[in-house]
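Chain by chain, the residues run as shown.
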Amino acid sequence: LVTSINDEILFGETIPANIETAKKWGADNGYARSDGRQNVLAVAMDGSWMRGSARKDSDTGHALIVHPPTNKLLAFATACKRCKTREHSIRTGIEKEHKCTLNYVGSSGAMEGCLVQKALMWMLTKYDVSFDLAVMDGDASTYAAVCVPAITKLNGVTPARGLDPNHALKNIGKAFN
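Residues numbered from 1 in each chain as written. Predicted model: local features only at pLDDT ≥ 70, side-chain atom pairs only at ≥ 80, totals over all residues. Heavy atoms only, no water.

**So, the overall build of the protein chain**
Just so we agree on the cut-off: Helix and strand assignments follow DSSP, with helices taken as H or I runs no shorter than four residues and strands as E runs no shorter than two, numbered in order from the N terminus. Relative accessibility under 20% of the residue-type maximum defines a buried residue, over 50% an exposed one, and the middle range a partly exposed one, all with a 1.4 Å probe and only protein chains included. Only heavy atoms enter the contact rule, under which two residues are in contact if any of them lie within 4.5 Å. Using the Shrake-Rupley algorithm and a 1.4 Å probe, accessible areas are obtained, with residue cover drawn only from the displayed protein chains.
Scanning the protein chain from N- to C-terminus turns up seven helices and five strands. Helices and strands in the protein chain line up, N terminus first, as α-α-β-β-β-α-α-β-α-α-β-α. In the protein chain, which comprises 177 residues, the proportion classed as buried is 36%. Partitioning the contacts of the protein chain with sequence separation of at least 6, the portion at a separation of at least 24 is 63%. Total accessible area on the protein chain is roughly 10,100 Å²; 57% of this is exposed by carbon and sulfur atoms.

Now the structure itself:
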């Protein structure tokens, strides 16, 4: 269970305007797929969850999808594994009306792929876009999440995978520590 907060209410008209800017960039630069499909974007995506003290996994995570040529945010998703108000209500038996933050059940390590998938599904179903290149870190589970049948069907093609050179440099550096 994951709920994303991809909503124009949060940013006003920013996300829709960013997607329109990315579409215009593609049209102005002749960026289309060989099958003639328009509104094709190259996207960069990354997600993360915080590490707590004593290397405990975090209860929260996020994922962002960006259009590299314009540096515009196209979609995002957040997840939270806990709601302290809900936990307090369960413990005390006293119900309190609140906006529950609990929207994810699963391991912190699986958050990134799940959130990237949710953000992409939102973008593909809400706007007339598709993507043919997904630039991301070397996490195979995130790429697998991008290539699930539901996304591939909406997208019309399995996207090519581009590796983010910054992540590659970071990982090489870790090998020497």
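Now, onward.
**With respect to the nonpolar core**
Our working rule: Working definition of a nonpolar core: buried Ala, Val, Leu, Ile, Met, Phe, Trp, Tyr and Cys residues. They are joined through side-chain atoms within 4.5 Å.
With 29 residues, the main nonpolar core has Val43, Met45, Ile65, Leu74, Leu120, Met123 and Phe131 as its most contacted residues. Among the secondary structure elements, those contributing two or more residues to this core are helix 2 (14–28), strand 1 (40–51), strand 2 (57–67), strand 3 (72–80), helix 4 (111–126) and strand 4 (130–136). With residues near it in sequence (within four places) discarded, isoleucine 65 still touches Val43, Ala44, Met45, Lys72, Leu73, Leu74, Ala75, Val116, Ala119, Leu120 and Met123.

**Looking at the side chain of threonine 142**
Within the fold, threonine 142 resides in helix 5 (residues 140–146). Overall, threonine 142 belongs to the buried group, its relative accessible area being 1%. If sequence neighbours within four positions are ignored, threonine 142 has contacts with Glu112, Gly113, Val116 and Met136.

**A closer look at the pattern of salt bridges**
Where charged atoms of side chains with opposite charge meet at close range, the side chains can pair. Our working definition: Salt bridges are defined as contacts in which a side-chain nitrogen from Lys or Arg sits within 4 Å of a carboxyl oxygen from Asp or Glu.
All told, the structure shown has four salt bridges when counted by the stated rule. Between glutamate 20 and lysine 23 there is a salt bridge, with its nearest N and O atoms 3.3 Å apart. With glutamate 20 and lysine 23 both in helix 2, this residue pair falls three residues apart, about one helical turn. Here the salt bridges do not stand alone but share partners, grouping Asp59, Arg82 and Glu87 into one network.

**A closer look at the packing of aromatic side chains**
Basically, it comes down to this: Planes of paired rings set the category: under 30 degrees apart is stacked, over 60 is edge-to-face and the rest tilted, where pairs are Phe, Tyr or Trp rings (Trp by its six-membered ring) whose centres lie within 6.5 Å.
On inspection of all chains with the given rule, the structure shows two aromatic pairs. Each ring, one from tryptophan 122 and one from tyrosine 127, has its centre 5.6 Å from the other, and the planes form 70°; the classification is edge-to-face. Given the relative accessible area of 14%, tryptophan 122 is considered buried.

**A few points about unusual backbone geometry**
Of note in this structure, asparagine 71 is not a glycine but carries a positive phi near 55°. In this structure, asparagine 71 sits in the loop between strand 2 and strand 3. For asparagine 71, a relative accessible area of 63% translates into the label exposed.

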